[in-house]
Amino acid sequence: MKIEELTNYCLNCKNKPCVKGCPLGNNIPDIINFVKQEKYIEAYNELSKTTIMPSICGRICPHSKQCEGNCTRGIKGEPVQIGKNEAFIGDFALKNNIKYEKKDDYNNYSVAIIGAGPAGLTATTFLAREGINVTIFEKENYLGGLLVHGIPEFRLDKNIVKNVIQNILDLGVKIENKSFIPNINNYNAILLSTGANEPIKLNIEGEDLEYVYQANTLLKENNHPKYIDKTVVIIGGGNVAMDAARTIKKLDAKEVIVLYRRSENEMPAEKNEIEEAKNEGIKFIFNTKPLKICNNKIECIKTETDENRTLKDIPNSNYSINADYIVSAIGSKIDKTFIQDFELELNEKGYVKVDENNMTSKKGIFACGDLIGTKATVAFACRSGRDTAENILNFLND
């Protein structure tokens, strides 16, 4: 479908339910109207008020659970393909080398951003556009975080990520690679945006055996065992589980099985990702919980949920699944060791404790994204970074 057909399908609703469903609050109807009139630069400028990653979010966001899931058209038919519109505008800007506007009145404020994932990069951009001198501290030798190492190439072209990041750096942003702890006294404010990179343990017997892997580690390091003629079981139901399953299937595994403890309708993964996985021959086993790993077998038990969605084991339903390799993909958590270096307080859920302005227990040190418990999608991380950048600007100008 051509972009004109996609935009003409929009009803331009007055109450804008799609905007309410977008974590970033993108002004979707007005942006689509610009596209209808072939005013692509104006569309990009409007979009840039709220997001810096249209080419990325337009491709990987769970649109059916966000903007498109709230589209009026979707009540009786298919929703407007908002993601494709967003990606089109972002790609147009990259192709035509459209740069961010930056304020001429440079100031003497300096801010350090620790961690260059979606939240950190977004905060960087909104600060740098206001003339703030921004330095990114990143322990890896690349920027982008999970956009680079967490999402497979078949879902997100890394050249797009590279071009988006270059557009950010063209604002005059400095980079300190392989360095993670700046001298706090050299900056007017610090932003921690390191994400959640520690895999969550299954907490079952046998998960440390040599044939059991972590999905995050496999995707990041791209150092896989040989899967040919092997059966691989993925434990988990989110997008990371889908990415791992699809990646492993493409590496010629004989059989890939996704094991999830709840029903298919309760899977947090995007529906289209689940369908893609099924189309690629990946099998799914639902309402099944792993209990123990031993001798290349997973001992499981069937589960069910009651009216309160409480998960319960079904008595006497134990059975085993054979697996040459097992991959855990049940989520990730923050690295508390890094946080301890800053002597920051944590909240009762184990995230960095922040006030209503996302400032930590130490004045001038802010945190955003996964570190403070933001919902684990790129768009929510970007929103957290944008909001925190605004709070930092207010802090600097007080």
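The structure we're discussing is the one just above.
Once a new chain begins, its residue numbering starts again from 1 and follows that chain's sequence as written. Reporting in this predicted model follows two pLDDT cut-offs: at least 70 for local features of residues, and 80 or more for side-chain atom pairs to be given and counted; totals over whole chains, interfaces and linings ignore these cut-offs and use all residues. Where side-chain values are given, they derive from all heavy atoms of the structure, hydrogens and water being excluded.

## Side note on the nonpolar core
In step 1: One finds Met53, Ile56, Leu127 and Leu147 to be the most contacted residues of the largest nonpolar core, which totals 66 residues.
In step 2: Put simply, DSSP H or I for four residues or longer makes a helix, DSSP E for two residues or longer makes a strand, and each gets a number counted from the N terminus. No other element matches the eight residues that helix H14 (residues 378-397) contributes to this core.
In step 3: Other than its neighbours up to four places away in sequence, Met53 contacts Gly58, Glu86, Pro118, Leu121, Thr122, Leu147, Val164 and Cys382.
In step 4: By nonpolar core is meant a set of buried Ala, Val, Leu, Ile, Met, Phe, Trp, Tyr and Cys residues that side-chain atoms within 4.5 Å join together. Exposed residues in this analysis have more than 50% of their type's maximum accessible area, buried residues have under 20%, and partly exposed residues fall in between, with area computed by a 1.4 Å probe over protein chains only. In this structure, Ala245, Ile298, Cys300 and Ala329 belong to the second largest nonpolar core, which totals 38 residues. Residue contacts are counted whenever heavy atoms from the two residues lie within 4.5 Å of one another.

## Focus: unusual backbone geometry
In step 1: For Asp252, which is not glycine, the phi torsion reads 75 degrees and is therefore positive.
In step 2: Its place among the elements puts Asp252 in the loop between helix H11 (239-250) and strand E8 (255-259).
In step 3: For Asn358, which is not glycine, the phi dihedral falls at a positive 65 degrees.
In step 4: Among the secondary structure elements, Asn358 is positioned in the loop between helix H13 (336-341) and strand E16 (365-367).
In step 5: Using a relative accessible area of 13% as the deciding quantity, one classes Asn358 as buried.

## As for the state of the cysteines
In step 1: By definition, disulfides here are pairs of cysteine sulfur atoms that lie within 2.5 Å. Under the defined criterion, the tally for this structure stands at zero disulfides.
In step 2: Not engaged in a disulfide, the cysteine Cys22 finds its nearest cysteine sulfur in Cys67; these two sulfurs lie 6.1 Å apart.
In step 3: Free cysteine: Cys294, not disulfide-bonded; nearest cysteine sulfur from Cys300 at 13 Å.
In step 4: On the basis of relative accessible area, Cys294 is assigned to the partly exposed category, the value being 32%.

## Remarks on the sheet that holds strand E14 (residues 325-328)
In step 1: Taking strand neighbours across the sheet as the criterion, the five strands line up as E6-E14-E7-E8-E9 in an open arrangement whose pairing is parallel. Single-partner strands in this sheet number two, and they are strand E6 (212-214) and strand E9 (283-285). Pairs of neighbouring strands in the sheet enclose a mean axial angle of 25 degrees, with direction left out of account.
In step 2: The criterion for strand pairing is that DSSP finds at least two bridges linking the strands in question. With three bridges joining them, E6 and E14 adopt parallel strand pairing. Residue Gln214 lies in a different strand from E14, and its bridge partner there is Ser328. Fitted lines through C-alpha atoms serve as axes, helices being fitted only where they are in contact, and the angles separating the N-to-C directions of these axes extend from 0 to 180 degrees.

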